[in-house]
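Geometric and topological summary
In case you want the letters, here they are:
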Amino acid sequence: MTTSRNGEKPIIHVIDTEADALYELAMSIEVRSPDVAGKLCEELDRAIVMAAEDLPSDVVTMQSEVEFVDERSGERRKVQLVWPRDANLDQNRLSVLTLVGAGLIGMQAGSAINWPDRSGKERCLRIVEVRQPTLADRAA
């Protein structure tokens, strides 16, 4: 698990073409969901921004399928991280504009982050596996 020894958040990476769109999304919900908007912006501010072709294949991006574990409860989930218009929890399609979604973006398999849930309780989310979208999925 890679939460750093001194309690700092792990390094995250974001695709350059997704970074601007994610900032715009965060700003668009700032009034109605300041907690999610703030957390997403914090993550984007600390991210290493790079071209998609330079990104490690095990980093969570938009449209990635990601399996993660809540270390506190032991609950294991597999979701696809999607844009808000594509979200559907019945199909395990999690919006990046949720607290958990904002916490997953840019994380790498094997890393973990302490992250708040909707009730404000902090959970340790550990990334187990990441599957990248096809080029067609990424373009959607």
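Treat the numbers as computed from the prediction; the structure is a model and nothing was measured.

Some words on the pattern of salt bridges
Scanning all chains against the criterion turns up nine salt bridges. A salt bridge links Glu42 to Lys9; its shortest N-O distance comes to 3.8 Å. Linking Glu42 in helix 2 (residues 34–46) with Lys9 in the segment before strand 1 (13–15), this pair joins segments that are 33 residues apart in sequence. Take Glu42: its relative accessible area is 40%, and that puts it in the partly exposed class. Under the relative-accessibility criterion, Lys9 is labelled partly exposed at 33%. In this structure, the salt-bridge partner of Glu42 is Lys39, at a minimum N-O distance of 3.9 Å. Of this pair, Glu42 and Lys39 both sit in helix 2, three residues apart, which is roughly one turn of the helix.

Side note on the confidence of the model for the protein chain
Reading predicted coordinates in detail is not appropriate for stretches of low pLDDT. Across the protein chain, the average pLDDT comes to 89, with 91% of residues at 70 or higher. Averaged pLDDT values over the elements of the protein chain bottom out at 56 in helix 4 (residues 135–139) and peak at 97 in strand 4 (residues 76–82). When the criterion is pLDDT under 50, residues 1–5 qualifies, and its contacts beyond four places in sequence or with other chains add up to 12 contacts.

Comments concerning the pairing of strand 3 (residues 65–70)
With five of six residues buried, strand 3 lies mostly within the body of the structure. By the bridge criterion, five bridges tie strand 3 to strand 4 in an arrangement that is antiparallel. Considered in strand 4, the bridge of Val66 is made with Val79. Joining the antiparallel neighbours strand 3 and strand 4 is a turn of five residues, in which Gly74 adopts a positive phi near 85°. Examined bridge by bridge, strand 3 and strand 7 (residues 122–131) share six bridges and lie antiparallel to one another. Each residue of the ladder has a partner; that of Glu67, found in strand 7, is Glu129.

Section: the environment of Met107
Note that Met107 resides in the loop between helix 3 (99–104) and strand 6 (112–116). Sequence separation of Met107 and Glu67 is 40 residues, and the distance between their C-alpha atoms is 11 Å. Residues within four places of Met107 in sequence aside, it is in contact with Pro10, Ile12, Asp58, Val59, Val60, Ala112, Ile113 and Ile127.

Description of helix 1 (residues 16–28)
Here helix 1 is 13 residues long and its end C-alpha atoms lie 19 Å apart, about the 18 Å a rise of 1.5 Å per residue gives. Burial in helix 1 covers these residues: Glu18, Ala19, Leu22, Leu25 and Ala26. All buried residues of helix 1 fall inside an arc of 130° around its axis, so they share one side. Exposed residues pointing more than 90 degrees away from the buried face of helix 1 are listed as Thr17, Asp20 and Glu24.

Focus on the side chain of Glu43
Tracing the backbone through its elements, the reader meets Glu43 in helix 2. Polar contacts involving the side chain of Glu43 include one to the side chain of Lys9, which spans 3.4 Å. Setting aside anything within four residues of it in sequence, one finds Glu43 in contact with Lys9, Ile12, Ala102, Ile113 and Trp115.

Criteria and cut-off values
Residues numbered from 1 in each chain as written. Predicted model: local features only at pLDDT ≥ 70, side-chain atom pairs only at ≥ 80, totals over all residues. Heavy atoms only, no water. Salt bridge = Lys/Arg side-chain N within 4 Å of Asp/Glu carboxyl O. Helix = DSSP H or I, 4+ residues; strand = E, 2+ residues; numbered from the N terminus. Buried < 20%, exposed > 50% of the residue type's maximum accessible area, 1.4 Å probe, protein only. pLDDT = per-residue confidence, 0-100. Contact = heavy atoms within 4.5 Å. Pairing = 2+ DSSP bridges. Expected span 1.5 Å × (residues − 1). Arc of directions from axis to C-beta. Polar contact = N/O pair within 3.5 Å; in protein donor to acceptor, adjacent residues only side chain to side chain.

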